[in-house]
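This is what each chain is made of:
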Amino acid sequence: MKKFLILLMAAFTIFSSAVSVEAAKKVVAVMPLENVYGYETENVAEIMTEEIMVALQNSGKYSVVERAQMATILREQGFQNIAADPSTAVEIGKLIGANYSLIGKVTLAALEKNPTKGIVDNILGNIAESVGNDIGIDLRSTAGSFVNGLKGKVTVDVRFVNNETGELVFARSFTGTKSGATPESALYGACKAAATEFLKEIAGNLMGRVADISGDEIYIDQGSDSGLITGDEILIVRETSPIEVNGRIVGMKTSTIGKAKVIEVNADYSICKIISTEHGATVRKGDVVKRG
């Protein structure tokens, strides 16, 4: 009986820890992406939306609002053109209780002939001519069985907005390419490849804010779920203005404020000690923290 109670308590502890970590994850409301260029009938924007949701979930840092719940809110509130209106995305995110909202557009969805297949065809064709037909194999036809004839390319512009402050956390453009035997498979693979690039961005860079300041210590809104450990060094930067290229926001200009070292990690926040600041710079609430 005693052994059973010990096992039961251990299981409860593990369960409680898992729940605590899950609760600490930031919640993201992924808005339906807008398709502004190419292959509308292939539902590229819908595929891209789903793949980004999967990437966020797989990052281990975020929980994602389910699509059914999102669709219900959008339908009930009559929201439209969310991709072009960050303020609307913030409003929806607050209604759902999400920490962040993600909005974006598929700016490119294109198909082209896979150049690799042409190269392989030429090589095998030359081989066939040199050896003649004695081998009894149609080498050109054989190439089609392992080299896809189409190449899909998808580019998506993504904006990550803090629902509490309305501030743009980051804005990036991600491109994925993939070959496929059909238009559907090539474009689907390209969406997955773009989502993989997005995952690298959010998994590799710590996105957080200074929540409070006490002397030379700062409290940031990222904890153990972000992969932080005691001793990590982080950069403190301040966003100044958007970076626009051809009318699109592709990022934010920043100025470095200083550096800090993580001295305590909790489930949903961490305490860091400021170890240096730039000349005349003062750390403020709302400053961005990222890995150095």
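What you see is a predicted model, and the numbers here were worked out from it, not measured in a lab. (Residues numbered from 1 in each chain as written. Predicted model: local features only at pLDDT ≥ 70, side-chain atom pairs only at ≥ 80, totals over all residues. Heavy atoms only, no water.)

### As for the overall build of the protein chain
Looking only at helices and strands, the protein chain features seven helices and 12 strands. Each of the 292 residues in the protein chain was classed as buried or not, and the buried ones make up 39%. For the protein chain, the share of sequence-separated contacts (at least 6 apart) that also reach a separation of at least 24 residues comes to 68%. Accessible surface, the protein chain: about 15,500 Å² in total, of which carbon and sulfur atoms supply 53%. (Helix = DSSP H or I, 4+ residues; strand = E, 2+ residues; numbered from the N terminus. Buried < 20%, exposed > 50% of the residue type's maximum accessible area, 1.4 Å probe, protein only. Contact = heavy atoms within 4.5 Å. Areas by Shrake-Rupley, 256 points an atom, 1.4 Å probe, with all protein chains shown as cover.)

### Considerations on the packing of aromatic side chains
Enumeration according to the criterion identifies five aromatic pairs in this entry. Between Tyr-62 and Tyr-100, the aromatic rings sit 6.3 Å apart at their centres with planes inclined by 85°, giving edge-to-face as the arrangement. Within this pair, whereas Tyr-62 is found in strand S3 (residues 62-64), its partner Tyr-100 is found in strand S4 (residues 100-113), the two being separated by 38 residues in sequence. An identical accessibility class is assigned to Tyr-62 and Tyr-100; each is buried. Among the aromatic residues, those joined into a ring-pair cluster are Tyr-62, Tyr-100 and Phe-160. (Phe/Tyr/Trp six-rings, centres within 6.5 Å; stacked < 30°, edge-to-face > 60°.)

### Some thoughts on the pattern of salt bridges
Applying the stated rule across the entire model yields seven salt bridges. Between Glu-50 and Arg-67 there is a salt bridge, and its shortest N-O distance comes to 2.9 Å. On the criterion of sequence distance, the pair formed by Glu-50 in helix H2 (residues 44-58) and Arg-67 in helix H3 (residues 67-77) is long-range, its members being 17 residues apart. According to the relative accessible area criterion, Glu-50 is partly exposed, its value standing at 33%. (Salt bridge = Lys/Arg side-chain N within 4 Å of Asp/Glu carboxyl O.)

### Quick look at the nonpolar core
Ranked by size, the top nonpolar core spans 31 residues in total, and within it Met-48, Ile-52, Leu-56, Leu-102, Phe-160 and Phe-198 carry the most contacts. With residues near it in sequence (within four places) discarded, Phe-198 still touches Ile-52, Ala-55, Leu-56, Leu-102, Val-158, Phe-170 and Phe-174. (Core = buried A, V, L, I, M, F, W, Y, C linked by side-chain atoms within 4.5 Å.)

### A closer look at H2
The first and last C-alpha atoms of H2 sit 21 Å apart over 15 residues, in line with the 21 Å expected at 1.5 Å per residue. When H2 is considered as a whole, its buried residues turn out to be Val-44, Ala-45, Met-48, Thr-49, Glu-51, Ile-52, Met-53, Ala-55 and Leu-56. Phi turns positive, to about 80°, at Gly-60, one or two residues after H2. (Expected span 1.5 Å × (residues − 1).)

### Remarks on the pairing of strand S1 (residues 26-30)
With four of its five residues buried, S1 lies for the most part within the structure. Two elements, S1 and S4, share three bridges in a ladder whose sense is parallel. By the bridge assignment, Val-30 is partnered in S4 with Leu-102. (Pairing = 2+ DSSP bridges.)

### Some points on the packing of H3 against helix H4 (residues 86-96)
One can describe the packing of H3 onto H4 by two numbers: an axis separation of 11 Å at closest approach and a directional angle of 120°. Helix-helix and strand crossings are classified by hand; for H3 and H4 the assignment is right-handed. Residue-level inspection shows Gln-69, Met-70, Ile-73, Leu-74 and Gln-77 of H3 in contact with H4, the latter providing Ile-92, Leu-95 and Ile-96. Across the contact of H3 with H4, the residue classes break down as six nonpolar, two polar and no charged. (Axes fitted to C-alpha atoms, helices over the stretch in contact; angles between N-to-C directions. Left-handed = near helix turned anticlockwise from the far one by under 90°. Nonpolar A, V, L, I, M, F, W, Y, C, P; charged D, E, K, R; others polar.)

### Examining the side chain of Arg-209
Residue position: Arg-209 is located in strand S7 (residues 208-214). Judged by its relative accessible area of 8%, Arg-209 falls in the buried class. Once you skip the residues sitting within four places of it in the chain, Arg-209 turns out to touch Asn-162, Glu-167, Leu-168, Val-169, Tyr-219, Ile-220, Asp-221, Glu-239, Gly-286, Asp-287, Val-288 and Val-289.

### Focus: H4
All buried positions along H4 are accounted for by Thr-88, Ala-89, Val-90, Ile-92, Gly-93 and Ile-96. Structurally, H4 contributes buried residues whose contacts are with S1, H3, S4 and strand S5 (150-162). Of the residues trailing H4, Gly-97 is marked for its positive phi of about 90°.

### Details of the side chain of Ser-101
Along the chain, Ser-101 falls in strand S4. Assessed through its relative accessible area of 0%, Ser-101 is described here as buried. A polar atom in the side chain of Ser-101 sits 2.9 Å from the backbone oxygen of Ala-89. For Ser-101, the side chain forms a polar contact with the side chain of Asn-163, separated by 3.0 Å. Those residues in contact with Ser-101, other than ones at most four positions away along the chain, are Ala-29, Met-31, Ala-89, Val-90, Gly-93, Arg-159, Phe-160, Val-161 and Asn-163. (Polar contact = N/O pair within 3.5 Å; in protein donor to acceptor, adjacent residues only side chain to side chain.)

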